[in-house]
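These are the residues of each chain, in order.
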Amino acid sequence: MKFRYKVLIMNLILLSLATGIVGFLLMQRSYRTGMDSEIRSAVAENNLIQSSVEYSLLDVLNNKPYNLESSLQEIGDSVYNSMLSGEEALYIRFKDSFVYQCSEADTFPSDQIFEYAENNRKNYMLHQEEDKLYLYVTSYTPLEGSTMHVVTRRDVTVQHDMLNQSIQNYRQIILILFAVATLLLLILSRLLTRHLERLSDATEAFASGDYSARTTIHSSDEVGQLADGFNIMADSVESHVEELSDMVKRREQFVADFTHEIKTPMTSIIGYADTMRSMDLSKEEQQQALGYIFSEGKRLESMSMKLFDLLYLKDHPIDIRPFSANALSENVASSMSPLLNTSGITLDVSVDAALLSGDPELLQTVFINLIDNARKASKKGDTIEFTGRKESDTSYSFMVRDHGIGISEEDQKKIFDEFYMVDKSRTREAGGAGLGMSLVSVILQRHDAKLNLESALGEGTTVTVTLPCSEDREGGAHEEE
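Residues numbered from 1 in each chain as written. Predicted model: local features only at pLDDT ≥ 70, side-chain atom pairs only at ≥ 80, totals over all residues. Heavy atoms only, no water.

Engineer: Which parts of the structure should I look at to understand the overall build of the protein chain?
Structural biologist: The helix and strand tally for the protein chain stands at 13 helices and twelve strands. Going through the 481 residues of the protein chain one by one, you find that 40% of them count as buried. Pairs at least 24 apart in sequence give 66% of the contacts found in the protein chain among residues at least 6 apart. (Helix = DSSP H or I, 4+ residues; strand = E, 2+ residues; numbered from the N terminus. Buried < 20%, exposed > 50% of the residue type's maximum accessible area, 1.4 Å probe, protein only. Contact = heavy atoms within 4.5 Å.)

Engineer: Just checking my understanding: could you explain the pairing of strand E5 (residues 146-155) for this structure?
Structural biologist: The side chains of a regular strand alternate between the sheet's two faces. In terms of burial, E5 is largely enclosed, as eight of its ten residues are buried. Of the strand pairs in this sheet, strand E1 (residues 89-94) and E5 are connected by six bridges, and their pairing is antiparallel. Each bridged residue has a counterpart across the sheet, and for Ala 89 the counterpart in E5 is Arg 153. Both strand E4 (residues 132-143) and E5 contribute to a ladder of ten bridges, which runs antiparallel. Counterpart to Val 137 in the pairing with E5 is Thr 152. Linking two consecutive strands that pair antiparallel, namely E4 and E5, is a turn of two residues; a positive phi of about 50° is found at Glu 144 within it. (Pairing = 2+ DSSP bridges.)

Engineer: Help me understand the environment of Arg 389 in this model?
Structural biologist: Position of Arg 389 among the secondary structure elements: in strand E9 (residues 383-390). The exposure class assigned to Arg 389 is partly exposed, which follows from its relative accessible area of 34%. Beyond its immediate stretch of four places on either side in the chain, Arg 389 contacts Ser 350, Val 351, Asp 352, Tyr 396 and Ser 397.

Engineer: Quick question: what am I supposed to make of the confidence of the model for the protein chain here?
Structural biologist: Where the model shows low pLDDT, its predicted coordinates should not be examined in detail. The share of residues in the protein chain with pLDDT of 70 or more is 80%, and the mean pLDDT across the chain is 78. Residue range residues 472-481 is modelled with pLDDT below 50. Its contacts to residues more than four positions away, or to other chains, number twelve contacts. (pLDDT = per-residue confidence, 0-100.)

Engineer: Whenever I open this one, the pattern of salt bridges confuses me. Can you help?
Structural biologist: For side chains bearing opposite charge, pairing can occur when the charged atoms are close. One pass over the full model with this rule turns up 13 salt bridges. With its nearest N and O atoms 3.8 Å apart, the salt bridge here joins Arg 93 to Asp 96. Look at Arg 93 and you get buried, because its relative accessible area is 9%. For the salt bridge of Asp 372 with Arg 375, the shortest nitrogen-to-oxygen distance reads 2.9 Å. With a gap of three residues between them, Asp 372 and Arg 375 both fall in helix H9 (residues 360-377), about one helical turn apart. One continuous salt-bridge network, built from bridges that share partners, spans Glu 38, Glu 45, Glu 88 and Arg 154. (Salt bridge = Lys/Arg side-chain N within 4 Å of Asp/Glu carboxyl O.)

Engineer: Would you mind showing me how to read the nonpolar core here?
Structural biologist: One recurring pattern in soluble globular proteins: nonpolar side chains tend to sit buried together. Within the largest apolar cluster, 38 residues are counted, with the highest numbers of intra-cluster contacts made by Leu 356, Phe 367, Leu 370 and Phe 398. The set of elements that each furnish at least two residues to this core consists of helix H8 (325-343), strand E7 (346-351), H9, E9, strand E10 (395-402), helix H12 (436-446) and strand E12 (460-468). Among the elements that take part in this core, H9 stands out by supplying eight residues, more than any other. Ignoring any residue separated from it by four or fewer positions in sequence, one finds Phe 367 in contact with Leu 328, Val 332, Phe 386, Phe 398, Val 400 and Val 465. (Core = buried A, V, L, I, M, F, W, Y, C linked by side-chain atoms within 4.5 Å.)

Engineer: Would you mind going over the packing of helix H6 (residues 267-278) against H8 with me for this structure?
Structural biologist: Packed helices, taken two at a time, are described by the angle between their axes plus the distance between the axes. In contact at an axis separation of 8 Å, H6 and H8 are set at 60° when each is read in the N-to-C sense. When the axis of H6 is compared with that of H8, the two are oblique. H6 and H8 meet at a crossing whose hand is left-handed. Touching Thr 267, Ser 268, Gly 271 and Tyr 272 of H6 are Ser 334, Ser 335, Met 336, Pro 338 and Leu 339, all from H8. (Axes fitted to C-alpha atoms, helices over the stretch in contact; angles between N-to-C directions. Parallel < 35°, antiparallel > 145°, perpendicular 65-115°, else oblique. Left-handed = near helix turned anticlockwise from the far one by under 90°.)

Engineer: What am I meant to see in unusual backbone geometry here?
Structural biologist: Excluding glycine, residues mostly carry a negative phi; peptide bonds, for their part, are mostly trans. Positive phi is not limited to glycine here, since Glu 130 has a value of about 55°. Within the secondary structure, Glu 130 is located in the loop between strand E3 (123-129) and E4. The backbone of Asp 448 shows a phi angle near 55°, a positive value even though the residue is not glycine. Looking at the element boundaries, Asp 448 is found in the loop between H12 and strand E11 (450-456).

See below:
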């Protein structure tokens, strides 16, 4: 549906609601005012009739003997003929039965009207009879230990007919108003949306590949601002088409390199599998090796999904939970042990007990990458230090230190860039793809952790990672011990 028709429909809906509510309230107010006037007149009339009946009763009560029921019939007939017209009716009720009715054919609608007519209070009731609307008013008079009710009836059909006539007239006026309003709103919406249609045409042309498409809308309102914004955007897109194309190529290369990078966590699986293949192990050692292969396989499955989310969905939630620093270090050492043994490099682990907060699988990936980088920079016989120390009540620092070739200052500025490799030939031989440190950076950012890198050529590299401690770290740390 076009926007102009939406504008038209919404305005018609609002107009119909406004006119309907206002018209309903006005007609109800008029009807209520007229009906209130009829009720006041009927109550005054009933008061007058009641006074006349009671005054006539005084003469009867003062002359004995008397028959009240017979006397009330005579009084009712006299009052009705002298004070009421043929369109009105009079009823007199004594001892819960009607002793007088102006017409025998009349049937009283309900006894409910007598329930509250006590203590000189008036009660009224509206009752519909076929095409007539009647207003009944009753009064209460105590008489010889019983009750007498004087009921008058007035025809108020005219007021009801006036309401129905007003509704019909109002409907006719509304139909005419809607016809005129629809025509005017259609013209107005056409004028308001013509610029949007021109902008839409330019957008479609731009989307089809015509990057030179522009709008020629000159207006100081929001539509004009939108058109100016479109032209600015189009200029920017057109000037960066080549850059966007290069970005697509880099994204495709990223996917290819990422697929290659996920092979790095499999080093532990390959190491344990090679140990089982090349060495004669005991049953217990075989079970232990198979257990590591299974756990690392599951970790690889979980890690690959999480790393993909971290690279492409920067706001993807991670599983933050307490974990033991000792358990983390043991898992890292176990995962790296086969590869380090093959390389002839020693891993020296010294970690203080503490309870930390984070995703242990992702953090395990961080330290495996750091230690693996240290391994690539070291030579046979070197030692890599992996330590963990509690810096304060709220922070804990892990440190990975090697004594290898080191990293130059220029390379340190680029080491966290995706696919950047300090020594490409050496890294490729070791199975790297230049994603390790970029993944480390993303994971640590999601953990609100800090990373500090210190390195010098020929002296080695020290990487320090500072993590927050868990709130209940004290009890958790001792429990782990």
